[in-house]
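What follows is the residue order along each chain.
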Amino acid sequence: MTLTEGASVLEAVFESALAHRAEPTNTYVSLHEISMRGMIDLRGLNTDKKFMAAAKQVLGIDLPKAPRTSETFGDVKALWLSPDQWMILCARDKAPALTAQLTEALAGIHSLAVDVSDMRAIIRVEGEGAREVMMKGSSLDFTDDDFKPGYVRRIRFAEIAALFNIVEDNVIDLYVFRSYAHYTMDFLTKAARKGSEVAALRK
Amino acid sequence: MLLVTCPICGAEGDETDFHFGGQAHIARPATTNPEGITDAQQREYLFTRINPKGLHFERARCDRGCGKWFHIARDTMTMEIKAYYGVTELPPPDIIAQAKGGWAELFAERTAHAKKTK
Ligand SMILES: [Zn+2]
């Protein structure tokens, strides 16, 4: 099977986790699923110069070494997950080819690149109260100065394993394992219900 | 509640955000000498633990953050965390100096061994 055929098969069978769910209304932030994003799990040692160089050659970016940061180059983005793990984001239809390129460039280097685009669902929390809604599900202070655009972190959100990335000031992408997508959307819909704004957090 | 900060990714949380890994620095005797292990040695490895009042050494995993294992030096009386250090490392020298009883013996043995193999 060539990669082009692979892409068309993918289009034919892929259905996002929340595909048949109407977007919530009556919330004070917008909540919608981002479905056409490709995700690649990339593992290797950040101290291995060969690994870092090979990743850069394919992705065009230096993989971020600082905890909780991300790097962007064009439509490719690398999220720091641990000293030896990154999540590479790209257009969904490009993920299989990009994974193949990574695998090829990393041949012989202790590493791993796997297309995990189906593993997680992504919900974008957007609007004035985005940080506030995130705070209702976690123990973190999203008003802290550290929480700037580009910030990445794995957390426990509403009692489940999650990952978030602050995209812009009031735009936060929340990644959860696919089977938790409806639960997370239910939680967010309740947490962001109009009238439940937290006055104390408003400037 | 024990408040923990991961030394690798900086995630902070209570102990439920971390996976407790039990006592640190337990060496499995059968790894180096599976044939020559006595029942007493195996019993020691499986069941005997140091249970001090005061400075203690434990392992933890950053479950909701980077997923890495690390070590914690904790005071069992005050619950104060004295140090974090890598999962393949011994505690910082100033912490080792404060260790008592079984821990002092264990670190003396390990540092002597480390010097010999250097
Ligand atoms: Zn961590």
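Residues numbered from 1 in each chain as written. Chains lettered and ligands numbered in written order. Predicted model: local features only at pLDDT ≥ 70, side-chain atom pairs only at ≥ 80, totals over all residues. Heavy atoms only, no water.

1. As for the confidence of the model for chain B
Chain-level pLDDT for chain B is 92 on average; 99% of the residues reach the 70-or-more range. Per the prediction output, this complex has pTM 0.87; the corresponding ipTM is 0.79. (pLDDT = per-residue confidence, 0-100.)

2. Description of the packing of aromatic side chains
One pass over the full model with this rule turns up 13 aromatic pairs over all chains. Consider the rings of Y180 of chain A and Y183 of chain A, whose centres lie 6.5 Å apart with planes at 65 degrees: the pair is edge-to-face. Overall, the relative accessible area of 36% leaves Y183 of chain A in the partly exposed class. Ring geometry for F70 of chain B versus Y84 of chain B: centroids 6.0 Å apart, planes at 65 degrees, classification edge-to-face. Taken together, the residues span a long stretch of sequence, with F70 of chain B in strand β5 (residues 69-75) and Y84 of chain B in strand β6 (residues 81-86) at a distance of 14 residues. Here the aromatic residues F142, F147, Y151 and F164 of chain A are joined through ring pairs into a cluster of three or more. Its end group placed over the ring of F14 of chain A, R92 of chain A keeps NZ or CZ at 3.4 Å from the ring centre. The ring of W69 of chain B has R59 of chain B sitting right over it, with the charged end atom 5.4 Å from the ring centre. (Phe/Tyr/Trp six-rings, centres within 6.5 Å; stacked < 30°, edge-to-face > 60°. Buried < 20%, exposed > 50% of the residue type's maximum accessible area, 1.4 Å probe, protein only. Helix = DSSP H or I, 4+ residues; strand = E, 2+ residues; numbered from the N terminus. Lys NZ or Arg CZ within 6 Å of the ring centre and 35° of its normal.)

3. A word on the coordination of the zinc ion
Residues and elements named next belong to chain B. At the metal site, the zinc ion is ligated by C6 (SG), C9 (SG), C62 (SG) and C66 (SG), and these contacts range over 2.3 to 2.4 Å. For the zinc ion, the 4 donor atoms in the first shell make angles of 106 to 116 degrees at the metal, so the coordination geometry reads as tetrahedral. Donor residues binding the zinc ion come from one chain and are separated in sequence as C-x2-C-x52-C-x3-C. You can see C9 sitting in the loop between β1 (3-5) and β2 (12-14) and its partner C66 sitting in the loop between β4 (55-62) and β5, a full 57 residues away along the chain. (Donors = N, O, S within 2.8 Å, 3.2 Å for Na, K, Ca; no water. Tetrahedral: all angles 85-135°; square planar, octahedral: opposite > 155°, others 65-115°.)

4. So, the sheet that holds strand β3 (residues 18-23) of chain B
Residues and elements named next belong to chain B. Strands sit in the order β3-β4-β5-β6 across an open sheet of 4 strands; the sheet is antiparallel. The sheet is open, and its two borders are formed by β3 and β6, each paired with just one other strand. Adjacent strand axes in the sheet meet at a mean angle of 30 degrees when their direction is disregarded. Two strands pair when backbone bridges link them, and β5 and β6 are joined in this way by 5 bridges, in the antiparallel orientation. Paired with A73 across the two strands is A83, which belongs to β6. (Pairing = 2+ DSSP bridges. Axes fitted to C-alpha atoms, helices over the stretch in contact; angles between N-to-C directions.)

5. Details of the sheet that holds strand β8 (residues 152-157) of chain A
Paired through their backbone hydrogen bonds, the strands of a sheet run either parallel or antiparallel. All names here are of chain A. Strand order in the open sheet made by the 5 strands is β1-β7-β10-β9-β8, with antiparallel pairing throughout. Taken across any chain shown, the strands that pair with only one partner, and hence form the sheet edges, are β1 (30-34) and β8. Between one strand axis and the next, the sheet turns through 30 degrees on average, direction left out of account. Sheet analysis places strand β9 (residues 160-168) next to strand β10 (residues 171-177), joined by 6 bridges and oriented antiparallel.

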